[in-house]
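# Structural features, examined
Okay, here's what each chain looks like letter by letter:
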Amino acid sequence: DRPVVERLVDLCVRVYDLHSAHLEIARLIHSIYYGPRQGTPPMDLDQFHLPFQDALQRLIEEGIRTGELRAEPVGDILMSILGPVSICMDTELCHPEMAPGRDGLVRILRLVCRGIAANETEREGNQS
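Quick summary incoming for the structure in this document. Residue positions are given per chain, counted from 1 along the sequence in the order it is written. Side-chain atom pairs in this predicted model are given and counted only at pLDDT of 80 or more, local residue features only at pLDDT of at least 70, and totals for whole chains, interfaces and linings cover all residues. For the side-chain quantities, the full set of heavy atoms in the structure was used; hydrogens and water were omitted.

### Observations regarding the overall build of the protein
Per the convention used, a helix needs a DSSP run of H or I reaching at least four residues, while a strand needs a run of E reaching at least two, with both numbered from the N terminus. The helix and strand inventory of the protein stands at 6 helices and 0 strands. Helices and strands appear in the protein in the N-to-C order α-α-α-α-α-α. On the principal axes, the C-alpha backbone points of the protein span a range of 55 × 30 × 25 Å. In this scheme, a residue with accessible area under 20% of its type's maximum is buried, one over 50% is exposed, and one in between is partly exposed, where area comes from a 1.4 Å probe on protein chains only. Relative to its 128 residues, the protein shows a buried fraction of 34%.

### Considering helix 5 (residues 101-116)
Expected span, for any helix, means 1.5 Å times one less than how many residues it has. Taking 1.5 Å as the rise per residue, helix 5 with 16 residues should run 22 Å; its terminal C-alpha atoms sit 23 Å apart, in good agreement. By the burial criterion, the buried members of helix 5 are Gly-101, Gly-104, Leu-105, Val-106, Leu-109, Val-112, Cys-113 and Ile-116. Two residues form a contact once any of their heavy atoms are found within 4.5 Å. Looking at the packing, one finds that the buried side of helix 5 touches helix 1 (4-21) and helix 4 (74-94).

### Structural notes on the pattern of salt bridges
Counted as salt bridges are all cases of a side-chain nitrogen of Lys or Arg within 4 Å of a carboxyl oxygen of Asp or Glu. Going through the model one piece at a time under the given rule, you end up with 4 salt bridges. With a shortest N-O distance of 2.5 Å, Asp-10 and Arg-2 are connected by a salt bridge. Taking the relative accessible area as the measure of exposure, Arg-2 reaches 39% and is therefore partly exposed. A salt bridge links Arg-27 to Glu-24; the shortest N-O distance between them is 2.8 Å. With Arg-27 and Glu-24 both in helix 2 (residues 23-34), this residue pair falls 3 residues apart, about one helical turn. Taking relative accessible area as the criterion, Arg-27 reaches 33% and is therefore assigned partly exposed.

Listed below in structure tokens is the structure:
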């Protein structure tokens, strides 16, 4: 199996790529979700976000269990990953000229992952 950090980054990049490939649909979903409720079509917009969030959470839990990630609150780690992904996608929608793009997202996520990765002492503590 590949390390959890690699799988976290890969999942985020796949979601970003999907978003980038379908910007007009993403823009529509974004405007419905954040726009006024009156007159919006009845649809479950969380169906797009929650499965991604659940998959990330499972990977984080696995990483903590195996000692690859720090034993921090899962929700905190989840938000530290979702934040950059959301900002990169929002910037792609609203200010594409300022967007870091796919490579920028990967750099940012690797930076975040260095912060959530367990150090040697923490890994040894999880193995005992």
